[in-house]
Amino acid sequence: MEENVAMKLKRAWESYPISYRAREMKILADWIKAGESGSIIGLAGAGKSNLMGFLSHRPEVLPQYLPDGSGHLALIQVDLNNLPDNNLATFFRVILRSLHEAQAQLAVIDNSLADSVENFYRRVEAKIDPFLSQSALREALFLFQEKDVRLVLVLDPFDQFCRTASTQVLDNLRGLRDSFKATLSYIVGLRHEVEYIRNPVDLGELYEIVDTHQCWLGP
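What you see is a predicted model; the values in this text were computed from it and never measured.

**A look at the pattern of salt bridges**
- Using the criterion set out here, one finds eleven salt bridges in the structure.
- Across the pair E60 and R58 runs a salt bridge whose closest N-O atoms are separated by 2.5 Å.
- Given a relative accessible area of 49%, E60 falls into the partly exposed group.
- Given the relative accessible area of 6%, R58 is considered buried.
- Salt bridges linked by common partners bring R21, R23 and E24 together as one network.

So, in structure tokens, the structure goes:
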């Protein structure tokens, strides 16, 4: 059943032409090439989720916007609508689950990477201690670092998450980025600039991480 759903989703994304949103893809590629994070901003119906899904599920398209020798990239969509709770343990496990669900993409890069990510996720799938899930996620990030794979987490939708997430969760999001600057970056989807969603003081360095680069999306 899960395999059939995955195949239908794969076919749906493959129906998009490789030239889809070429201007925006070039902008995102420039950020990724530089190891930077940023925000895709557009009102409801502008196509943010479509662009972010295309970016995440058609990994073979992005390299055409990058110079040769750019290295391995893993673009993993994290659906923040699927956060069943607002605590740290759940947040870390949702990221690990997203990595696990992208096994096919990771296996193209390195089979052992995909296998290890599954082990990290299964180890804490039912654990409620945030230290355990944080440790598993950090082990995964160290592995990405060791294998010289840049991980881009595509976080969508970011508006409600940013509005309701605890300061502790937001601090951890930017803390992960600080710890793995050469390996990890974020692309977030927003309806409005982040400063209109939450006080930049609350977000600290996370505000600069996602607000420095912006890609405005029209219909």
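**Focus on the packing of helix α4 (residues 88-101) against helix α6 (residues 111-124)**
- As a packed pair, α4 and α6 sit with axes 9 Å apart at the nearest point and diverge in direction by 145°. For the pair α4 and α6, the sense of crossing is left-handed. Along the contact surface, α4 presents R93, L96, R97, L99 and H100, while α6 presents V117, E118, F120, Y121, R122 and V124.
- Looking at the contact of α4 with α6 residue by residue, the classes come out as six nonpolar, one polar and four charged.

**Some words on the sheet that holds strand β1 (residues 38-41)**
- Reading across from one edge, β2-β3-β4-β1-β5 is the order of the five strands in this open sheet, with parallel pairing throughout. Of all the strands in the sheet, just β2 (72-79) and β5 (214-216) have a single pairing partner and so form its edges. Averaged over all adjacent pairs, the angle separating strand axes in this sheet is 20°, with direction ignored.
- Of the pairings in the sheet, the one linking strand β3 (residues 149-156) to strand β4 (residues 184-190) comprises five bridges and is parallel in character. Bridge pairing links L155 to V188 in β4.
- Running over the sheet, helix α3 (residues 48-57) touches β1, β2, β3 and β4 and is turned about 140° from β2.

**Some thoughts on unusual backbone geometry**
- Residue P157 follows D156 across a cis peptide bond; omega there is -10°.
- Looking at the secondary structure, you find P157 in the loop between β3 and α8 (158-164).
- Unusually for a residue other than glycine, R21 sits at a positive phi of about 45°.
- Residue position: R21 is located in the loop between α1 (2-14) and α2 (22-34).
- Phi at D148 is positive, roughly 60°, even though this residue is not glycine.
- Examined against the element boundaries, D148 turns out to sit in the loop between α7 (130-146) and β3.

**Side note on the state of the cysteines**
- Evaluation of the coordinates by the stated rule reveals zero disulfides.
- Cysteine C162 shares no disulfide, and the gap to the nearest cysteine sulfur, in C215, comes to 18 Å.
- Note on C162: relative accessible area 0%, which makes it buried.
- Exposure remark for C215: the relative accessible area of 1% places this residue in the buried category.

**Looking at the environment of G35**
- Position of G35 relative to the elements: it lies in the loop between α2 and β1.
- Sequence-wise, G35 and S185 are 150 residues apart; in three dimensions their C-alpha atoms are separated by 6.5 Å.

**Let's talk about α4**
- Here α4 spans 20 Å end to end across 14 residues, near enough to the 20 Å set by a 1.5 Å rise per residue.
- Taken across its 14 residues, α4 has twelve buried, putting it largely inside the fold.
- Those residues of α4 that fall on the buried side of the exposure criterion are L88, A89, T90, F91, F92, R93, V94, I95, L96, S98, L99 and H100.

**A word on the pairing of β4**
- Along β4, seven of the seven residues are buried, which leaves the element largely enclosed by surrounding structure.
- Two strands pair when backbone bridges link them, and β1 and β4 are joined in this way by four bridges, in the parallel orientation. Residue pairing in the sheet places I40 in a bridge with G189 of β4.

**What about the environment of L73?**
- With respect to the secondary-structure elements, L73 resides in strand β2.
- Each C-alpha atom of the pair L73 and Q134 lies 22 Å from the other, and the pair is 61 residues apart in sequence.
- Beyond its immediate stretch of four places on either side in the chain, L73 contacts I32, L62, L66, Q105, I109, V149 and R150.

Parameters and conventions
- Residue positions within a chain follow its written sequence, with the count starting from 1.
- Totals for whole chains, interfaces and linings use all residues, but because this is a predicted model, local features are given only for residues with pLDDT of at least 70 and pairs of side-chain atoms are given and counted only at 80 or more.
- With hydrogens and water stripped out, all remaining heavy atoms of the structure feed into the side-chain values.
- For this analysis, a salt bridge means a side-chain nitrogen from Lys or Arg found within 4 Å of a carboxyl oxygen belonging to Asp or Glu.
- Each residue's exposure class comes from its accessible area (1.4 Å probe, protein chains only) as a fraction of the maximum for that residue type: buried when under 20%, exposed when over 50%, partly exposed otherwise.
- Throughout, an axis means a line fitted to C-alpha atoms (over the contacting stretch in the case of helices), and angles, computed between N-to-C directions, take values from 0 to 180 degrees.
- Going along the chain from the N terminus, every DSSP run of H or I of four or more residues is numbered as a helix, and every run of E of two or more is numbered as a strand.
- Here a crossing is taken to be left-handed if its near helix is turned anticlockwise relative to the far helix by less than a right angle, and right-handed if that turn runs clockwise.
- The contact rule is simple, with two residues in contact once any of their heavy atoms fall within 4.5 Å.
- Residues were grouped as follows: Ala, Val, Leu, Ile, Met, Phe, Trp, Tyr, Cys and Pro as nonpolar; Asp, Glu, Lys and Arg as charged; and all remaining residues, including Gly, as polar.
- For two strands to count as paired, DSSP must find a minimum of two bridges between them.
- By disulfide we mean two sulfur atoms from cysteines, separated by a distance within 2.5 Å.
- By definition here, a helix of n residues has an expected span of 1.5 Å times n minus one.

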